[in-house]
Amino acid sequence: QVQLVESGGGLVQAGGSLRLSCAASGRTFSILDVAWFRQAPGKDRSFVAAIGWSGGNTDYADSVKGRITISRDNAKIMTYLQMTSQKSEEAAVYYCRARLAVAPKTYYWGQGTQVTVSS
């Protein structure tokens, strides 16, 4: 299993920047990829970005391309989500999710970190 802990959430002004972090522990040697999702009140959880753990290939939701960057630090077993030009509608709880290469259909989730965007 993998345990994930998000941090870095808080209050950011519209147009501002914030960096979220996701720390992984447990069977980290088998991580396939890590993704970030977000969920606003009353809405479904939606995909934001993902990164492959070994190759570092990335994928982004169309709505965040050019403004949000996902990265990882393999040595620290950390994943980051650098968010810029924040919009009010991006206020949400942000979750990181990991998959293991040995069981790619099993998802591990963190507890989430709240991002509030003030206009």
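Structure shown above.
Residues numbered from 1 in each chain as written. Predicted model: local features only at pLDDT ≥ 70, side-chain atom pairs only at ≥ 80, totals over all residues. Heavy atoms only, no water.

What to know about the pattern of salt bridges
Counting across every chain of the model gives four salt bridges. Residues Arg99 and Asp33 are paired through a salt bridge, measuring 2.5 Å at the closest nitrogen-oxygen approach. Linking Arg99 in strand S9 (residues 92–100) with Asp33 in strand S4 (residues 31–39), this pair joins segments that are 66 residues apart in sequence. Look at Asp33 and you get buried, because its relative accessible area is 13%. When the shortest N-O distance is used, the salt bridge between Glu90 and Arg38 registers 3.1 Å. Of the two residues, Glu90 is situated in the loop between strand S8 (78–83) and S9 and Arg38 in strand S4; the sequence distance between them amounts to 52 residues. Salt bridges linked by common partners bring Arg38, Arg67 and Glu90 together as one network. (Salt bridge = Lys/Arg side-chain N within 4 Å of Asp/Glu carboxyl O. Helix = DSSP H or I, 4+ residues; strand = E, 2+ residues; numbered from the N terminus. Buried < 20%, exposed > 50% of the residue type's maximum accessible area, 1.4 Å probe, protein only.)

Points about the state of the cysteines
On inspection of all chains with the given rule, the structure shows one disulfide. Linked covalently through their sulfurs, Cys22 and Cys96 form a disulfide whose S-S length is 2.0 Å. Measuring the twist about the S-S bond at about 60°, one finds the Cys22-Cys96 disulfide to be right-handed. Of this pair, Cys22 sits in strand S3 (residues 18–26) while Cys96 sits in strand S9, and the two are 74 residues apart along the sequence. Residue class for Cys96 comes out buried when judged on its relative accessible area of 0%. (Disulfide = S-S within 2.5 Å.)

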